[in-house]
Amino acid sequence: MDRGTGKITIIRPFANPNAQVVWIVGDATWVVWVEGSLQPTFADWVLYSYNRQSQQIRTLAAAPKPYQNAPLVIPSMSNGVIVWSAVEGVDGVDRVYAVNADGTNMRVLKTDAVGPQIAWPWVVYDIIPSSPQSRGTLSRENLETGETQAISGPIDVSYYAYDGEALAWISGDTNSIFLQTPINAPPMQLFAGAHLQFVSLNQRLVGWGQVQGALAFDRKLGIVVQLSNLLEYYPAISAQAMDWLYQPNPNATDPFSGTVYELGDVSQLP
């Protein structure tokens, strides 16, 4: 959908009628998504890219057969480079991969790491603990220089988001959310609750979901705002926008019937 005009373009129908979009990202040129059908982890995942100018669709990567019970494949994209983590070898090892959106320069960035997020030129990933007694830590890698840096502060992270300057992360028990701005600053706790998940951020906002619905922290005003009371729904935050779903009828018998999709422009915030 074009945010300015509201025009909707169908990229393509699903080849498998049971498939759904697992995760999707985009920029001015590319739309990149993962689709699959085998719930709950969509072990039959396929990663695609779509060029908005040429309308060409490319298959970038796919789950190896036989399908393995691995975590969700969640891509991140910046500057035309896509990163993700998956188990693609018979050794069962998690690796962080990168590829250009046009399908070129496929490579492994890191072994025994998961959950990469890219804000060019840095890729942040979660290093898998080397033993049951240790805890995972975050590191980042510069794709232009090859430099790697350990990130102090976050330990035992369940979810995190990185925008190139700041890092927001949720504790391993999913009960607390923190912000480090800049990334090498001490963590600042933003909120405590239960079952916090799917954090995202930009220079103005940090958003996440929990049992009580979708919430956002305004980094300028220093306040937490509840956007929706829909169970475990969460806002999607990009550089200049925030989107979320909410129920305008407080007396609705079915909270998911008649919901409204809200598109927020960050530049319009006070």
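These figures come from a predicted structure and were not determined experimentally.

## Some words on the overall build of the protein
For step 1, the next point in the chain: Along the protein, the regular secondary structure elements total zero helices and 23 strands.
For step 2, the next point in the chain: Computed over its C-alpha atoms, the radius of gyration of the protein comes to 19 Å, within 12% of the 18 Å expected for a compact globule of 270 residues.
For step 3, the next point in the chain: Seen through its principal axes, the protein has C-alpha atoms that stretch 50 × 45 × 35 Å.
For step 4, the next point in the chain: With 270 residues in all, the protein has 44% of them scored as buried.
For step 5, the next point in the chain: Residue pairs in contact within the protein that sit at least 24 positions apart in sequence constitute 31% of those at least 6 positions apart.
For step 6, the next point in the chain: Of the roughly 14000 Å² of accessible surface on the protein, a fraction of 52% belongs to carbon and sulfur atoms.
For step 7, the next point in the chain: The protein carries 14 positive and 23 negative side-chain charges, and their two centres are separated by 5 Å.

## Some thoughts on the packing of aromatic side chains
For step 1, the next point in the chain: Applying the stated criterion across every chain, the model contains eight aromatic pairs.
For step 2, the next point in the chain: When the centroid spacing of 5.9 Å and the interplanar angle of 35° are considered together, the rings of Trp 23 and Phe 198 count as tilted. One end of the pair, Trp 23, is in strand β1 (residues 20-26); the other, Phe 198, is in strand β17 (residues 197-201), with 175 residues separating them in the sequence.
For step 3, the next point in the chain: Taking 5.6 Å as the distance between ring centres and 15° as the angle between the ring planes, the aromatic pair formed by Trp 84 and Tyr 97 counts as stacked.

## Some thoughts on empty space enclosed by the protein
For step 1, the next point in the chain: Within this structure, the stated rule accounts for one cavity of 30 Å³ or more.
For step 2, the next point in the chain: In this structure, the largest cavity spans a volume of roughly 60 Å³.
For step 3, the next point in the chain: Considering the residues around the largest cavity, the lining is formed by Ala 43, Trp 45, Ala 63, Pro 64, Gln 68, Ala 70, Pro 71, Val 73, Ala 86 and Val 87.
For step 4, the next point in the chain: Residue composition of the lining of the largest cavity, by class: nine nonpolar, one polar and no charged.

How each quantity is defined
Residues numbered from 1 in each chain as written. Predicted model: local features only at pLDDT ≥ 70, side-chain atom pairs only at ≥ 80, totals over all residues. Heavy atoms only, no water. Helix = DSSP H or I, 4+ residues; strand = E, 2+ residues; numbered from the N terminus. Rg over C-alpha atoms; globule rule 2.2 N^0.38 Å. Buried < 20%, exposed > 50% of the residue type's maximum accessible area, 1.4 Å probe, protein only. Contact = heavy atoms within 4.5 Å. Areas by Shrake-Rupley, 256 points an atom, 1.4 Å probe, with all protein chains shown as cover. Lys, Arg positive; Asp, Glu negative; His and termini not counted. Charge placed at Lys NZ, Arg CZ, Asp CG, Glu CD. Phe/Tyr/Trp six-rings, centres within 6.5 Å; stacked < 30°, edge-to-face > 60°. 1 Å grid on protein atoms, 1.4 Å probe; cavity = no way out; pocket = protein on both sides within 12 Å on 5 of 7 lines; lining within 4 Å. Points joined across faces, edges and corners; volume = space filled by probe spheres on them. Nonpolar A, V, L, I, M, F, W, Y, C, P; charged D, E, K, R; others polar.

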